[in-house]
Amino acid sequence: MKKVCMRLLTGIPISCTLFCLFGIVFDIINQGRFLLENGSYTRMVLGALAVGAGFSVPSVIYDNDRLPRSLQVLFHMGIGCAVMLLVAFAVGWIPTELGLWTVLAIIAAMIATAFVVWLGFCAYYRCEAQRLNAKVQQRKTQ
């Protein structure tokens, strides 16, 4: 349970930060006419929290060394992307009125963004592992 809470404390701030950054981008694209009404902002913030949980909670699968890495990634990113897409349709992040190709392009961009964030975490944890291994090797040689 502690691991899940720690993962939530990492995932939710990341999703909220991305929500804010994308909000700024869309505000600029729409030249300041980015209007949220009828509780849509609240739904979107709650959606960002849900997406953060949807990606961070399944990441505990990486603690299971018996599964191959490819299955761990499939489990983690599959659940995370599914939650993200369900939330995106529910809160209005995907403007279905703009047509199929626009919807597909937005979905592709969302999934690509999720994998870029995932790759960033992979790079970070790989560097951490190398740093820790170097410390262990250094202590062995002393």
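Structure's up top.
Residues numbered from 1 in each chain as written. Predicted model: local features only at pLDDT ≥ 70, side-chain atom pairs only at ≥ 80, totals over all residues. Heavy atoms only, no water.

Across its 28 residues, helix H1 (residues 2-29) extends 41 Å between first and last C-alpha, which sits within 8% of the 40 Å expected from 1.5 Å per residue. Looking at H1, one finds that the buried residues are Gly11, Ser15 and Phe19. The inward-facing, buried residues of H1 contact helix H2 (40-56). Once H1 ends, the next one or two residues include Gln31, with phi positive near 50 degrees. (Helix = DSSP H or I, 4+ residues; strand = E, 2+ residues; numbered from the N terminus. Expected span 1.5 Å × (residues − 1). Buried < 20%, exposed > 50% of the residue type's maximum accessible area, 1.4 Å probe, protein only. Contact = heavy atoms within 4.5 Å.)

Before going further, it helps to spend a moment on the nonpolar core. Core analysis: the biggest nonpolar cluster contains 19 residues, and Phe55, Met77, Cys81, Met84, Ile94, Met110 and Ala114 have the highest contact counts within it. Among the elements that take part in this core, helix H3 (residues 69-91) stands out by supplying 8 residues, more than any other. (Core = buried A, V, L, I, M, F, W, Y, C linked by side-chain atoms within 4.5 Å.)

The next subject is the side chain of His76. Its place among the elements puts His76 in helix H3. Here His76 is in contact with Phe55, Pro58, Ser59, Ile61, Tyr62 and Trp118, once residues within four sequence places are set aside.

This part covers a nonpolar patch on the surface. Residues Phe22, Val25, Phe26, Ile29, Phe34, Leu36 and Tyr41 make up a contiguous nonpolar surface patch of about 630 Å² in total accessible area. At 4 residues, H1 tops the list of elements feeding residues into the nonpolar patch. Tracing the backbone through its elements, the reader meets Tyr41 in helix H2. (Patch = residues over 30% accessible without salt bridge, like charges linked within 9 Å, V, L, I, M, F, W, Y side chains within 5 Å. Areas by Shrake-Rupley, 256 points an atom, 1.4 Å probe, with all protein chains shown as cover. Salt bridge = Lys/Arg side-chain N within 4 Å of Asp/Glu carboxyl O.)

Moving on: the state of the cysteines. By definition, a disulfide links the sulfur atoms of two cysteines through a covalent bond. Scanning the entire structure with this criterion turns up 0 disulfides. For Cys81, which is in no disulfide, the shortest distance to another cysteine sulfur is to Cys122 and amounts to 13 Å. According to the relative accessible area criterion, Cys81 is buried, its value standing at 9%. (Disulfide = S-S within 2.5 Å.)

Our focus in this paragraph is H3. In this model, H3 (23 residues) spans 32 Å end to end at C-alpha, consistent with the 33 Å of a helix rising 1.5 Å per residue. Listing the buried residues of H3 in full gives Gln72, Val73, His76, Met77, Gly80, Cys81, Met84, Leu85, Val87, Ala88 and Val91. Check the buried side of H3 and you find it contacts H2 and helix H4 (100-141). Directly beyond the C-terminal end of H3, a positive phi value near 95 degrees is found at Gly92.

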